[in-house]
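Structure at a glance
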Amino acid sequence: MRLRTVLTTTTAALAAATCLTAAGPATAEATTEQRHACSPAVSIDSFSDALDKTTFDGTFVGNFSALAVDRDGSLAALSDRSSLFSLDARTLAPRSVVPLADEKGAALDSEGLVIDRDGTRLVTSETEPSIRRYSEDGRILDRLPVPDALRVAPAGRAAANGTFEGLTRFRGGLLASMEYALSGDTSGAVRFQTWQRHGTSFALAAQYAYQPDPGLGVPEVQSLPDGRLLVLERGFTSGVGNTVRLYLADPRHATDTGKVANLTGQDGVRLIRKTLLTDLVNCPSLGATAKQPQPNPLLDNIEGMAVTGRAEGVWKVLLVSDDNQNAAQTTRFYHLRVRV
């Protein structure tokens, strides 16, 4: 039903564009935007493979799982191999890299990133899962509480490599998105956990349920100032390639699922409402090439997202792919314009 609605909207938009062209010459800006459109709501300005298979200060540049805008306007890029890079926001050139570790000095499976208002770094690790607060030089300052059910089995009900992939500021606190459903959540809905801020500490708050499309997980989530969320959904099929979709999600009126044992689809739970903004397979390839089969050569294992600004009612959104340090994958940045 949603896809049929989007296709109808697309047809109407194309018809309107045809009428405008017949009435008079379109502006160069409008023509460029039409050529770069992925959907009526999303267009792609450009992409960059400049950092693919490079190193900086002896550290491999890649495996990127999260992005954030730092207080000085630079870009922070989190590698899931326990490294946090600072990049030039315009050129993407690395400026510094800080190693991260747990309390015993062991590496993290670092996936989600928020740069807090005091400059501290909040970083998720998918192994436990956990959220730790780090200083700018990589020292552990604190660790946030996590509900028992969200812990990896046997401590909880989460599957290994399926926990806190996304992290964002939310209503003055934080929101972390699980990548996949818990054992017993037969509906396939994933849990979004929130925390309330108390000074520099965070306490557990409401939890919500979000329903990804069949076969897809949630690798990233970013909040907008009005409390709505941009949610990435992603999947991979061997021999076919990646599916990556961008949704607008509204958690208002969603049920607090913190005390709901199992999400079955028959439990009366009100899910987070979502609206498809685009399926990235429909973006123009812009000359991109792929190292493995993809339905669109522009696509790769997209995993990180940051909202980098707003101009004339359009959000600037930056995506990045996780190349898994694999010769068949690419570290690629995508510059999008998103209307919500």
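Check the entry above for the structure.
Structural notes, computed from the coordinates. (Residues numbered from 1 in each chain as written. Predicted model: local features only at pLDDT ≥ 70, side-chain atom pairs only at ≥ 80, totals over all residues. Heavy atoms only, no water.)

1. A closer look at the packing of aromatic side chains
Under the definition given, this model contains four aromatic pairs. Pairing Phe164 with Trp195 gives two aromatic rings, centres 6.0 Å apart and planes at 80 degrees, and the pair type is edge-to-face. In this pair, Phe164 is assigned in strand β12 (residues 164-170) and Trp195 in strand β14 (residues 190-198), connecting sequence segments 31 residues apart. Given the relative accessible area of 2%, Trp195 is considered buried. A centroid spacing of 5.2 Å and a plane angle of 10 degrees characterise the contact between Phe192 and Tyr210, whose relative ring orientation is stacked. Of the two residues, Phe192 sits in strand β14 while Tyr210 sits in strand β15 (residues 201-210), which places them 18 residues apart along the sequence. For Phe192, a relative accessible area of 0% puts it in the buried group. You can call Tyr210 buried: its relative accessible area is 0%. Three or more aromatic residues link up through ring pairs in this structure, and these residues are Phe64, Phe85 and Phe333. Over the face of the ring belonging to Tyr247 we find Lys274, whose NZ or CZ atom lies 4.1 Å from the ring centre. (Phe/Tyr/Trp six-rings, centres within 6.5 Å; stacked < 30°, edge-to-face > 60°. Helix = DSSP H or I, 4+ residues; strand = E, 2+ residues; numbered from the N terminus. Buried < 20%, exposed > 50% of the residue type's maximum accessible area, 1.4 Å probe, protein only. Lys NZ or Arg CZ within 6 Å of the ring centre and 35° of its normal.)

2. Focus on the environment of Gly156
Examined against the element boundaries, Gly156 turns out to sit in the loop between β11 (140-143) and β12. Sequence separation between Gly156 and Met305 is 149 residues, and the spatial gap between their C-alpha atoms is 28 Å.

3. A few points about the sheet that holds strand β17 (residues 229-237)
Two strands in a sheet stick together by hydrogen bonds in their backbones, pointing the same way (parallel) or opposite ways (antiparallel). In space, the four strands of this open sheet follow the order β16-β17-β18-β19, with antiparallel pairing throughout. Two strands close off the open sheet at either side, each with one partner strand: β16 (217-223) and β19 (273-279). Recorded for the sheet is a direction-independent mean angle of 25 degrees between the axes of neighbouring strands. Pairing between strand β18 (residues 241-250) and β19: six bridges, direction antiparallel. Among the inter-strand pairings, Asp250 is bridged to a residue of β19, identified as Arg273. (Pairing = 2+ DSSP bridges. Axes fitted to C-alpha atoms, helices over the stretch in contact; angles between N-to-C directions.)

4. A look at the environment of Val244
If you trace the backbone, Val244 turns up in strand β18. Using a relative accessible area of 1% as the deciding quantity, one classes Val244 as buried. With 74 residues separating them in the primary sequence, Val244 and Phe170 have C-alpha atoms 23 Å apart. Contacts of Val244, omitting those with residues within four sequence positions, involve Leu232, Glu233, Arg234, Thr278, Asp279, Leu280, Leu299, Asp300 and Ile302. (Contact = heavy atoms within 4.5 Å.)

5. Let's talk about the state of the cysteines
Going through the model one piece at a time under the given rule, you end up with one disulfide. Residue Cys38 pairs covalently with Cys283 via a disulfide, S to S 2.0 Å. Judged by the torsion about the S-S bond (105 degrees), the Cys38/Cys283 disulfide is right-handed. Taken together, the residues span a long stretch of sequence, with Cys38 in the loop between α2 (28-35) and β1 (42-48) and Cys283 in the loop between β19 and β20 (302-311) at a distance of 245 residues. Relative accessible area serves as the criterion here: at 7%, Cys38 is assigned to the buried category. Note on Cys283: relative accessible area 4%, which makes it buried. (Disulfide = S-S within 2.5 Å.)

6. Remarks on the pattern of salt bridges
Evaluation of the coordinates by the stated rule reveals 28 salt bridges. The shortest N-O distance in the salt bridge between Arg71 and Glu136 comes to 3.1 Å. Of this pair, Arg71 sits in the loop between β4 (64-69) and β5 (75-79) while Glu136 sits in the loop between β10 (130-134) and β11, and the two are 65 residues apart along the sequence. Overall, the relative accessible area of 54% leaves Arg71 in the exposed class. A relative accessible area of 45% places Glu136 in the partly exposed class. Of the charged contacts, one joins Arg143 and Glu103 as a salt bridge, the two residues approaching to 3.5 Å between their closest N and O atoms. Here Glu103 lies in the loop between β7 (94-99) and β8 (110-115) and Arg143 lies in strand β11, a separation of 40 residues in the sequence. (Salt bridge = Lys/Arg side-chain N within 4 Å of Asp/Glu carboxyl O.)

7. Observations regarding the sheet that holds β5
One open sheet holds the four strands; their spatial order is β4-β5-β6-β7, and the pairing between them is antiparallel. Looking at strand neighbours, the two that pair on one side only are β4 and β7, the edges of this open sheet. For this sheet, the mean inter-axis angle between neighbouring strands, taken without regard to orientation, is 20 degrees. Pairing analysis gives five bridges linking β5 to strand β6 (residues 83-87), with the strands arranged antiparallel. Each residue of the ladder has a partner; that of Leu78, found in β6, is Leu84.

Interpretation note: all reported values are geometric properties and have no functional meaning in isolation.
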